Amino acid sequence: MHAVIATGGKQYRVAPGDVIKIERLGSPKGDAVQFDTVLLVNRDGEVTVEPEALSSARVTGEVLAERKGAKVMVVKFKRRKGYRRHRGHRQTLTAVRITSIEV
């Protein structure tokens, strides 16, 4: 069984036991999280995508850690002007282990 959830402006395909890295939630380690925005559920080949059927669907997980992601370099450059700016950014991510999918 797997599901597609939406959180942080992105969509994730999850199954029980999966560990996903999502945008920062601000929940402490060991806290239970619940994702209510379920877009698709696949139960042994039976796919459910109707919003009425998924309105009661829930995906629950457990917060494992909160870490920074990989560094992304932001570079500004204007040719022939001697203008160069370098700036790095590291997004804070939350690692969540999916515990159950309920429909």
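Colleague: When you look at the overall build of the chain in this model, what are you seeing that I'm missing?
Modeller: Broken down by element type, the chain carries one helix and eight strands. For the chain, the α and β elements follow one another from N to C terminus as β-β-β-β-β-β-α-β-β. Here the chain has a C-alpha radius of gyration of 18 Å; the compact-globule value for 103 residues is 13 Å, and the former is much larger. With respect to the principal axes defined by its C-alpha atoms, the chain has extents near 60 × 30 × 20 Å. Counting contacts in the chain only where the partners sit at least 6 residues apart, residues at least 24 apart contribute 65% of the total. In the form shown here, the chain has an accessible surface area of approximately 7100 Å², with 47% of it arising from carbon and sulfur atoms. Taking the average place of the 20 positive charges on the side chains of the chain and the average place of its 11 negative ones, the gap between the two points comes to 25 Å.

Colleague: I tried to follow a nonpolar patch on the surface on my own but got confused; where do I start?
Modeller: A grouping of Met73, Val75 and Phe77 is seen on the molecular surface, where their side chains present a nonpolar patch of about 320 Å² in accessible area. As for its position among the elements, Phe77 is in strand β7 (residues 58–78).

Colleague: Honestly, the sheet that holds strand β1 (residues 2–7) in this entry has me stumped. Any pointers?
Modeller: To summarise the sheet geometry, strands pair through backbone hydrogen bonds and adopt either a parallel or an antiparallel arrangement. Here we have four strands laid out as an open sheet, ordered β2-β1-β5-β6, and antiparallel in their pairing. Unpaired on one side and paired on the other, β2 (10–14) and β6 (46–48) mark the two borders of the sheet. Between one strand and the next, the sheet's axes are offset by a mean angle of 15°, whatever the strand orientation. Sheet topology places β1 next to β2; five bridges connect them, and they run antiparallel.

Colleague: When you look at the side chain of His2 in this model, what are you seeing that I'm missing?
Modeller: Relative to the helices and strands, His2 resides in strand β1. Judged by relative accessible area, His2 falls into the buried class, the value being 15%. A polar atom in the side chain of His2 sits 3.3 Å from the side chain of Arg13. Filtering out sequence-adjacent residues up to four positions away, His2 remains in contact with Arg13, Val14, Ala15, Leu40, Val41, Asn42 and Ile101.

Colleague: What is the right way to read unusual backbone geometry from this model?
Modeller: Across residues other than glycine, the phi torsion is negative in most instances, and most of the peptide bonds are trans. With a phi close to 50°, Asp44 is a non-glycine residue in the positive phi region. On the secondary structure map, Asp44 appears in the loop between β5 (38–43) and β6. In this model, Arg80 sits at a positive phi of 60°, which is unusual for a non-glycine residue. Within the secondary structure layout, Arg80 lies in the loop between β7 and β8 (83–102).

Conventions we followed
Residues numbered from 1 in each chain as written. Predicted model: local features only at pLDDT ≥ 70, side-chain atom pairs only at ≥ 80, totals over all residues. Heavy atoms only, no water. Helix = DSSP H or I, 4+ residues; strand = E, 2+ residues; numbered from the N terminus. Rg over C-alpha atoms; globule rule 2.2 N^0.38 Å. Contact = heavy atoms within 4.5 Å. Areas by Shrake-Rupley, 256 points an atom, 1.4 Å probe, with all protein chains shown as cover. Lys, Arg positive; Asp, Glu negative; His and termini not counted. Charge placed at Lys NZ, Arg CZ, Asp CG, Glu CD. Patch = residues over 30% accessible without salt bridge, like charges linked within 9 Å, V, L, I, M, F, W, Y side chains within 5 Å. Salt bridge = Lys/Arg side-chain N within 4 Å of Asp/Glu carboxyl O. Pairing = 2+ DSSP bridges. Axes fitted to C-alpha atoms, helices over the stretch in contact; angles between N-to-C directions. Buried < 20%, exposed > 50% of the residue type's maximum accessible area, 1.4 Å probe, protein only. Polar contact = N/O pair within 3.5 Å; in protein donor to acceptor, adjacent residues only side chain to side chain.

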